[in-house]
Amino acid sequence: MTGYATNVPPPPYTAPSQPTPPVYEAPPPAIAPVEPIEGGALPPPSSGVSADAQPPTASSPPGATYVPPPATTAPTTVSAGAAYVIQPGDTISGVGRRFQTPVQILIDLNGLGPRGAITVGQSIILPDSAVDTGTDPYATGPTPRGVLVPENGIAPPPPPPPSGNPATPPPPRQPATSGQTGVAAAGSVALQWPVRGDIVRRFGPVGLGERNNGINIGAPAGAAVVAAADGVVGYVGDDLPGQGLTVLITHRGGWRTVYGHLGSATVEDNQTVRAGQQIGTVGLTAGDGRPSIHFETRRMQGDEPVAIDPLTVLPR
């Protein structure tokens with residue numbers, strides 16, 4: 001038989017070809033976009049900053065912390081304004097309090113030295129930001145021209161000198177206790193007790209570097225408090241630190257009396273009062289554990305109202 005071969009072995013097996021694996025190539029390094037960052041960048045280091053205060057770099061040890069140099073604050077500029085004329089009894093702190101100006105600014109503007117010494121008749125330059133809040137017991141001069149007065153009002157004038165007849169001579173001294181009311185000669189003015197009561201705090205040092213410039217008299221809440229002598233009300237208010245509602249009266253001979261921690265006041269600035277006239281009531285703010293008032297007697301020595309122990313000038 002012809003035409004077909006028999007017993008022909010099959011062709012050898014050849015495995016299918018495999019694709020050649022690609023050669024791995026590392027991706028190009030990532031490059032951060034360079035764009036401005038809102039909020040401000042760190043300032044470049046200056047020659048005055050030590051190496052320890054530089055931003056950390058790649059070679060910095062782990063945990064390195066950047067400590068920026070301290071920011072410098074531009075000095076505050078204070079512009080000079082009007083001039084206030086110092087009156088008898090004024091103090092630099094009173095001027096600062098009245099015109100809402102730190103005492104150090106007044107000292108710097110006027111070159112007053114570390115003690116802030118002032119003299120009667122001296123013109124004190126105020127900053128142009130000064131605001132006249134009205135008369136203060138220790139700044140009683142007229143409002144300087146050009147100084148702002150709140151609510152377009154006019155600051156009250158300084159209190160006039162005391163008027164009226166001279167105080168009558170005191171009667172013969174009688175034995176008395178601190179709770180009694182009497183009259184005692186004190187220089188050129190006669191003083192009497194402002195309220196009947198007990199002495200709950202005395203004049204002088206009270207510890208921790210503090211000092212009591214008067215005496216505290218305990219009495220029933222709401223009891224009448226009277227003027228210790230004829231005079232003129234120089235101040236009524238509650239903005240003196242630690243004094244509560246206070247009335248200050250000026251008297252002849254350079255004397256002043258202060259009635260602090262009142263429950264109420266029944267007089268007004270510049271009002272003329274007579275000895276024994278009610279000026280207020282006993283309050284609860286003195287911190288004595290009971291109703292009481294704080295009472296001071298002061299006398300001008302030069303330009304300063306010096307506190308004097310009331311028990312040395314009141315009747316005993």
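For the structure, check the block above.
Given the structure is predicted, the values throughout are model-derived calculations rather than measurements.

**Looking at the packing of aromatic side chains**
Per the stated rule, a full pass over the model turns up two aromatic pairs. Aromatic pair Y259 and F295: ring centres 5.3 Å apart, planes at 50°, arrangement tilted. Taken together, the residues Y259 in strand 12 (residues 255-260) and F295 in strand 16 (residues 292-301) connect sequence positions 36 residues apart. Like Y259, the residue F295 is buried in the burial classification.

**A few points about the side chain of D230**
Within the secondary structure, D230 sits in the loop between strand 9 (224-226) and strand 10 (231-237). Looking at D230, the relative accessible area reads 19%, which means it is buried.

**Notes on the side chain of T246**
Along the chain, T246 falls in strand 11 (residues 246-250). By relative accessible area, which is 0% here, T246 ends up buried. T246 has contacts with Y235, V236, G237, L240, V258, Y259, G260 and H261, leaving out every residue within four places of it along the chain.

**Section: the sheet that holds strand 15 (residues 278-282)**
Ordered by their spatial adjacency, three strands build an open sheet running 9-15-13, and the pairing between neighbours is antiparallel. The open sheet has two edge strands, strand 9 and strand 13 (262-265), and neither has a second partner. Neighbour to neighbour, the strand axes of the sheet diverge by 35° on average, direction disregarded. In this structure, strand 13 lies alongside strand 15, joined through three bridges in antiparallel fashion. If you follow S264 over to strand 15, its bridge partner there is T281.

**Re unusual backbone geometry**
Even without a glycine there, the phi angle at H261 is positive, about 60°. Here N270, not a glycine, exhibits a phi torsion of approximately 70°, which is positive. Mapped onto the elements of the fold, N270 is located in the loop between strand 13 and strand 14 (272-273).

**Some thoughts on the environment of L240**
Within the fold, L240 resides in the loop between strand 10 and strand 11. Counting along the chain gives 143 residues from L240 to R97, while the straight-line C-alpha distance between them is 9.1 Å.

Each value, and the rule that gives it
Residues numbered from 1 in each chain as written. Predicted model: local features only at pLDDT ≥ 70, side-chain atom pairs only at ≥ 80, totals over all residues. Heavy atoms only, no water. Phe/Tyr/Trp six-rings, centres within 6.5 Å; stacked < 30°, edge-to-face > 60°. Helix = DSSP H or I, 4+ residues; strand = E, 2+ residues; numbered from the N terminus. Buried < 20%, exposed > 50% of the residue type's maximum accessible area, 1.4 Å probe, protein only. Contact = heavy atoms within 4.5 Å. Pairing = 2+ DSSP bridges. Axes fitted to C-alpha atoms, helices over the stretch in contact; angles between N-to-C directions.

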